[in-house]
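Observations on the three-dimensional arrangement
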Amino acid sequence: MATPMNDIRQIVERLGLTGEREAALHVTLLRELALGQPVTIERLAKSLNWTPDEVVLVLDELPAGTIEYDGQGRLIGYGITLRETPHAFVVNDQTLYTWCALDALMFPIVIDEHAQVQSPCPHTNKPVTLTVTPQGVLLLQPEDAVISLVSVAAEGDIRSAFCCDVLFFASRQAGEAWCRDKPHANIVSVQEGFELGQRIAHLILDRARSH
């Protein structure tokens, strides 16, 4: 699968990760969310060694729709989320969720943890299950499961412009059947999806480390 580097950068930029500070916040917040609890501004600031005002400043600069908050103003989602989605993402016995299939393949690299992933095929409703490590994909069932990928739409936040059409399918046949009504989508193997996620994750991590 040849994915143009500008497509990868577009995904990163639509997440709001245009600079080193944004990337550092993203990586740190994902690692905090992976503990399974809402994250306060103060806790995130302490983890980043920033002031709370610095955290708020960066959060306020992120595109609309990239951060999820609870009713108390705590952070509960930014790719990994505490709110239920179709993509269950279990880390150290904590049941979390991701916004899309690519997130589930990418974020174990960012948080440096193994994750057990389960997601229903939207065409057959059969579960797709796998273990994702920072090094690769294990225990994929069904073995011929695939994911859909799309180019980032011109309008909308990253979830509506990309994530809602990036899904696991129980087979290539199921994915291609779903794609008939989605001419902008294409089907790739889970391994190809992991390799794309790996490239995006390392781009984010490199920016975060530069900070």
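Above: the structure in question.
Residues numbered from 1 in each chain as written. Predicted model: local features only at pLDDT ≥ 70, side-chain atom pairs only at ≥ 80, totals over all residues. Heavy atoms only, no water.

Quick look at unusual backbone geometry
A negative phi angle is the norm for most residues apart from glycine, just as the trans form is the norm for most peptide bonds. Where we set the bar: The helix count covers DSSP runs of H or I at least four residues long, the strand count covers runs of E at least two residues long, and both are numbered beginning at the N terminus. Relative accessibility under 20% of the residue-type maximum defines a buried residue, over 50% an exposed one, and the middle range a partly exposed one, all with a 1.4 Å probe and only protein chains included.
Between glutamine 141 and the following residue, proline 142, the backbone shows a cis peptide bond with an omega angle of -10°. With respect to the helices and strands, the residue proline 142 is situated in the loop between β8 (137-141) and β9 (146-150). For asparagine 125, which is not glycine, the phi torsion reads 70° and is therefore positive. Inspection of the secondary structure assignment puts asparagine 125 in the loop between β6 (115-120) and β7 (127-132). Within the chain, leucine 139 stands out as a residue other than glycine whose phi angle is a positive 55°. With respect to the element layout, leucine 139 can be found in strand β8. With relative accessibility at 67%, the residue leucine 139 sits in the exposed group.

So, the environment of valine 137
Convention followed: Every residue pair with non-hydrogen atoms within 4.5 Å of one another is taken to be in contact.
Counting through the fold element by element, valine 137 comes out in strand β8. When the C-alpha atoms of valine 137 and glutamine 191 are compared, they prove to be 7.0 Å apart, with 54 residues separating the residues in sequence. Once you skip the residues sitting within four places of it in the chain, valine 137 turns out to touch Leu105, Leu130, Thr131, Val190 and Phe194.

Side note on the packing of helix α2 (residues 20-33) against helix α3 (residues 41-48)
Rules: Between N-to-C directions, angles cover 0 to 180 degrees, with each direction set by a line fitted to C-alpha atoms, over the stretch in contact for helices. Should the near helix be turned counterclockwise from the far one by less than a right angle, the crossing is left-handed, whereas a clockwise turn marks it as right-handed. Residue classes follow a fixed rule: Ala, Val, Leu, Ile, Met, Phe, Trp, Tyr, Cys and Pro count as nonpolar, while Asp, Glu, Lys and Arg count as charged, and any other residue, Gly among them, counts as polar.
The contact between α2 and α3 brings their axes to 10 Å, and the two run at 115°. Where α2 crosses over α3, the handedness of that crossing is right-handed. Packed against α2, whose contacting residues are Ala24, Leu25, Thr28, Leu29 and Glu32, the element α3 presents Arg43, Leu44, Ser47 and Leu48 at the interface. The class makeup of the residues in the contact of α2 with α3 is five nonpolar, two polar and two charged.

As for helix α5 (residues 101-111)
The buried fraction of α5 is high, at 11 of 11 residues. The complete set of buried residues in α5 reads Ala101, Leu102, Asp103, Ala104, Leu105, Met106, Phe107, Pro108, Ile109, Val110 and Ile111. Two residues or fewer after α5 comes aspartate 112, characterised by a positive phi angle close to 60°.

Here's the deal with the sheet that holds strand β11 (residues 185-189)
Keep this limit in mind: Strands qualify as paired when DSSP identifies two bridges or more between them.
Taken in spatial order, the three strands of this open sheet run β10-β9-β11, and their pairing is antiparallel. If you trace the sheet from one side to the other, it starts and ends with β10 (168-169) and β11, each paired once. Inspection of the sheet shows β9 paired to β10 by two bridges, in the antiparallel sense. When the bridges of β10 are listed, isoleucine 147 appears paired with phenylalanine 168. With respect to the sheet, helix α8 (residues 190-210) is in contact with β9, β10 and β11, its orientation differing from that of β11 by roughly 100°.

Considerations on the pairing of strand β2 (residues 75-78)
Side-chain direction in a regular strand flips from residue to residue, so the side chains alternate between the two faces of the sheet. One ladder, built from two bridges, connects strand β1 (residues 68-69) with β2; its direction is antiparallel. By the bridge assignment for β2, glutamate 68 is matched with glycine 77.

Points about the environment of lysine 182
Threshold: Pairs of N or O atoms within 3.5 Å make up the polar contacts considered here, provided that, within protein, one atom can donate a hydrogen while the other can accept it, and that residues adjacent in sequence are counted only when both atoms are side-chain atoms.
Looking at the element boundaries, lysine 182 is found in the loop between α7 (172-179) and β11. Separated by 16 residues in sequence, lysine 182 and valine 166 place their C-alpha atoms 11 Å apart. A polar side-chain atom of lysine 182 sits 3.3 Å from a polar atom in the side chain of aspartate 165.

With respect to the sheet that holds β8
Strand order across the open sheet formed by eight strands is β1-β2-β3-β5-β4-β6-β7-β8, with antiparallel pairing between neighbours. The open sheet terminates on both sides in strands that have one partner only, identified here as β1 and β8. Looking at chain direction, strand β4 (residues 87-91) and strand β5 (residues 94-98) are connected through five bridges and run antiparallel. In the strand pairing of β5, histidine 87 is matched with threonine 98.

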